[in-house]
Amino acid sequence: MPTSFNQSVIEEFRANAGKVGGPFEGGDLLLLTTTGAKSGISRTTPLGYVRHGDSLLLIGSDMGAPRHPGWYHNLLAHPVVRVEVGTRTFEALAVPAEGARRDELFAHVVRVDPGYGDYQAMTSRILPVVVLERADPEGWAAPREVSTLTDKVLEVHTWLRGQLRQVKAEVDAHFAARAAHQGPGEPPVPGLGLQIRQRCLAFCQALEFHHTSEDAHLFPGIARYHPHLTGTFDRLAEEHRTVARIQGELAELLAGIGIADPRRFRTELDRMSAELNAHLDYEEEAILPLLADVPWPPAVPADA
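Predicted, not measured: the structure shown is a model, and the values here were computed from it.

Q: Residues and numbers for the sheet that holds strand β4 (residues 55–59), please.
A: Ordered by their spatial adjacency, seven strands build an open sheet running β2-β1-β5-β6-β7-β4-β3, and the pairing between neighbours is antiparallel. A strand with exactly one partner marks an edge of an open sheet, and here the two such strands are β2 (42–48) and β3 (50–52). Averaged over all pairs of adjacent strands, the angle between their axes in this sheet comes to 35°, without regard to strand direction. The pairing of β3 with β4 spans three bridges and is classified as antiparallel. Bridging from a neighbouring strand, H52 pairs with S55 of β4. Sheet strands in contact with helix α3 (residues 99–112) are β3, β4 and β7 (129–134), and its direction is about 125° off that of β3.

Right under this line is the structure:
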């Protein structure tokens, strides 16, 4: 759809609590904001969706075009997306379904909206079915109240630890399914392959942003008032580089998860988990006490 038409739908959606007229009138519509795979620029696209239990499903139909839509390529590169449904706005983890699960979900989609079956008939490509999951893993819990910078950093650390636990659980489930395979033929294609990839990618991108923010802004600001902590900050920066290196090694391992050796994969993941948790523990012990009196969110400075 032309950009001008997209923009008019977006403006109407936001002005009318998610209700729009024209070709979308009466249908389920959401706004999906992705980060450009190459540009890094945020882009918002109005999309129809289908409910499946508590999940929202997106279909990369592009009206039967021969190539996947741009928003699909964006979410593969940056899996954490912003979703607007009605008056609600929330972050979600975008995970394309694979194999038998994709087929099952697509059959559900066609039962709800047969037009997607027509789009599939118009193209030789398999239309992607994307599941929008909660960006925060089950069991994640933020501090009850975020009123200081200490609370905010702890909130980020809790999210990172929760993501890492979720990755490990999904990896264990994947290898357990492979081990249970019996009979002739090759083991089934990993149903969790993209899910693990998306979860790991979201985790790594969040961790990279967190570390970059600390190294570029938070730590230098503290060091100006606490020069005796220079050695501490040097150690933290070195640990950031170590964790980044391990992330890269794990990403390479993920690329071949379908044939990966379970023992080696788990060893790499356990090593990363141990070093990351040790780093977060040290950071909380050395830095957080200094941030307890810094309000969050930052106070808006008064006009001069």
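Now that the structure is up, let's keep going.
Q: Give me the nonpolar core: which residues, what numbers.
A: Side chains of a nonpolar character, in soluble globular proteins, are inclined to be buried together. Grouped together as the largest cluster of nonpolar side chains are 19 residues, with contacts concentrated most on V171, F203, L207 and L276. When contributions to this core are tallied by element, the ones reaching two or more residues are α5 (149–180), α6 (193–225), α7 (230–254) and α8 (262–286). Per element, the largest residue contribution to this core is six residues, and it comes from α5. If sequence neighbours within four positions are ignored, V171 has contacts with I196, F265 and L269. Counting residues in each nonpolar core, the second largest holds 16 residues, with L30, L32, L47 and L75 among its members.

Q: Explain the packing of aromatic side chains to me, and be specific about the residues and the numbers.
A: What the rule picks out here adds up to four aromatic pairs. Summarising the aromatic geometry, the rings of Y116 and Y119 are spaced 6.1 Å apart at their centres and angled 70° between planes, so their arrangement reads as edge-to-face. Here Y116 pairs with Y119, and both are found in helix α4 (residues 115–121), just three residues apart, close to one helical turn. Note on Y116: relative accessible area 10%, which makes it buried. Against the face of F106 rests R102, its NZ or CZ located 4.4 Å from the ring centre. Looking at R235, its charged tip hangs above the ring of Y282, at a distance of 3.6 Å from the centre.

Q: Which residues make up the pairing of strand β1 (residues 29–35), and what are the values?
A: Counting buried positions over the seven residues of β1 gives six, a clear majority of the element. Two elements, β1 and β2, share seven bridges in a ladder whose sense is antiparallel. For L30, the partnering residue across the bridge sits in β2 and is L47. As consecutive antiparallel partners, β1 and β2 are separated by six residues, and within that stretch G40 has a phi angle of approximately 75°, a positive value. Note that β1 and strand β5 (residues 80–85) share three bridges and pair antiparallel. Directly across from T33, in β5, lies its bridge partner R82.

Q: Would you mind going over unusual backbone geometry in detail, with residue names and values included?
A: One non-glycine residue, A17, lies in the positive phi region at around 55°. For A17, the location among the structural elements is in the loop between α1 (3–15) and β1. In this structure A17 comes out as partly exposed when scored by relative accessible area, which is 38%. You will see that M63, though not glycine, has its phi angle at about 55°, which is positive. Along the chain, M63 turns up in the loop between β4 and α2 (70–77).

Q: Please set out the layout of surface pockets residue by residue, giving values where relevant.
A: Roughly 1,100 Å³ of internal volume is contained in the largest pocket. Lining the largest pocket are 31 residues, with E91, V156, A206, F209 and H210 sitting closest to its centre. Those elements giving two or more residues to the lining of the largest pocket turn out to be β1, β5, α5 and α6. At ten residues, α6 tops the list of elements feeding residues into the lining of the largest pocket. When the residues that make up the lining of the largest pocket are grouped by side-chain class, the tally is 14 nonpolar, nine polar and eight charged.

Q: Summarise the pattern of salt bridges; cite the residues concerned and give the values.
A: Applying the stated criterion across every chain, the model contains eleven salt bridges. Across the pair E155 and K152 runs a salt bridge, and its minimum N-O distance is 2.7 Å. Residue E155 and its partner K152 are both found in helix α5; the two are separated by three residues, about one turn of the helix. Linked by salt bridges that have partners in common, R14, R82 and E84 make up one network.

Q: Before we move on, can you summarise the pairing of β7 with the specific residues and values?
A: β7 sits mainly inside the fold: five of its six residues count as buried. With four bridges joining them, β4 and β7 adopt antiparallel strand pairing. Opposite L56, over in β7, you have L132 as the bridge partner. When strand β6 (residues 88–96) meets β7, the two strands line up antiparallel, connected through five bridges.

Q: Give me α8: which residues, what numbers.
A: Between the first and last C-alpha of α8 there are 36 Å, a value that for 25 residues agrees with the 36 Å anticipated at 1.5 Å per step. Those residues of α8 lying buried are F265, E268, L269, M272, S273, L276, H279, L280, Y282, E283 and E284.

Cut-off values and rules
- Residues numbered from 1 in each chain as written.
- Predicted model: local features only at pLDDT ≥ 70, side-chain atom pairs only at ≥ 80, totals over all residues.
- Heavy atoms only, no water.
- Pairing = 2+ DSSP bridges.
- Helix = DSSP H or I, 4+ residues; strand = E, 2+ residues; numbered from the N terminus.
- Axes fitted to C-alpha atoms, helices over the stretch in contact; angles between N-to-C directions.
- Contact = heavy atoms within 4.5 Å.
- Core = buried A, V, L, I, M, F, W, Y, C linked by side-chain atoms within 4.5 Å.
- Buried < 20%, exposed > 50% of the residue type's maximum accessible area, 1.4 Å probe, protein only.
- Phe/Tyr/Trp six-rings, centres within 6.5 Å; stacked < 30°, edge-to-face > 60°.
- Lys NZ or Arg CZ within 6 Å of the ring centre and 35° of its normal.
- 1 Å grid on protein atoms, 1.4 Å probe; cavity = no way out; pocket = protein on both sides within 12 Å on 5 of 7 lines; lining within 4 Å.
- Points joined across faces, edges and corners; volume = space filled by probe spheres on them.
- Nonpolar A, V, L, I, M, F, W, Y, C, P; charged D, E, K, R; others polar.
- Salt bridge = Lys/Arg side-chain N within 4 Å of Asp/Glu carboxyl O.
- Expected span 1.5 Å × (residues − 1).

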